[in-house]
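As a plain string of letters, each chain reads:
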Amino acid sequence: MEDIMLKRVVDVEYIKDYTMRLEFNDGKIKVIDFLPLLKGELFEPLKDKENFIQFGLTHWTLEWYNGAEFAPERLYEL
């Protein structure tokens with residue numbers, strides 16, 4: 001039986017513009033440009049870079065000042 005591990009973001013580093021370096025709980029590191037992902041009413045305010053950089057790391061993923069977040073599994077698959 002395959003051991004299933006839920007994905008979590010355990011570390012984040014803002015690089016520049018809309019790009020961040022994410023580390024996941026299995027050690028995998030991804031560099032993600034979030035700009036193409038900022039679609040829809042909740043994410044629209046994050047197109048302003050001053051809003052975009054107002055993020056925090058919860059116990060499983062990134063969350064922005066306005067409650068916007070991405071599922072860690074989606075970020076992992078990018």
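Whatever comes next refers back to the structure up there.
Residues numbered from 1 in each chain as written. Predicted model: local features only at pLDDT ≥ 70, side-chain atom pairs only at ≥ 80, totals over all residues. Heavy atoms only, no water.

(A) Structural view of the sheet that holds strand β1 (residues 9-16). In space, the three strands of this open sheet follow the order β1-β2-β3, with antiparallel pairing throughout. Taken across any chain shown, the strands that pair with only one partner, and hence form the sheet edges, are β1 and β3 (29-33). Across the sheet, the mean angle separating the axes of adjacent strands is 20° when strand polarity is ignored. Where strand β2 (residues 19-24) meets β3, five bridges bridge the pair, whose relative direction is antiparallel. By the bridge assignment, E23 is partnered in β3 with I29. (Pairing = 2+ DSSP bridges. Helix = DSSP H or I, 4+ residues; strand = E, 2+ residues; numbered from the N terminus. Axes fitted to C-alpha atoms, helices over the stretch in contact; angles between N-to-C directions.)

(B) Region of the structure containing unusual backbone geometry. The residue D17 is not glycine, and still its phi comes out positive at about 45°. By the secondary structure assignment, D17 is in the loop between β1 and β2. Overall, the relative accessible area of 37% leaves D17 in the partly exposed class. (Buried < 20%, exposed > 50% of the residue type's maximum accessible area, 1.4 Å probe, protein only.)

(C) Structural detail: the environment of L75. As for its position among the elements, L75 is in helix α2 (residues 72-77). When its relative accessible area of 0% is taken as the criterion, L75 is described as buried. Not counting chain neighbours up to four residues away, the residues in contact with L75 comprise V9, L22, F24, I32, F34, T61 and F70. (Contact = heavy atoms within 4.5 Å.)

(D) Structural context of the pattern of salt bridges. Applying the stated criterion to the full structure yields three salt bridges. K47 serves as the salt-bridge partner of E44, at 3.5 Å between the closest nitrogen and oxygen. (Salt bridge = Lys/Arg side-chain N within 4 Å of Asp/Glu carboxyl O.)

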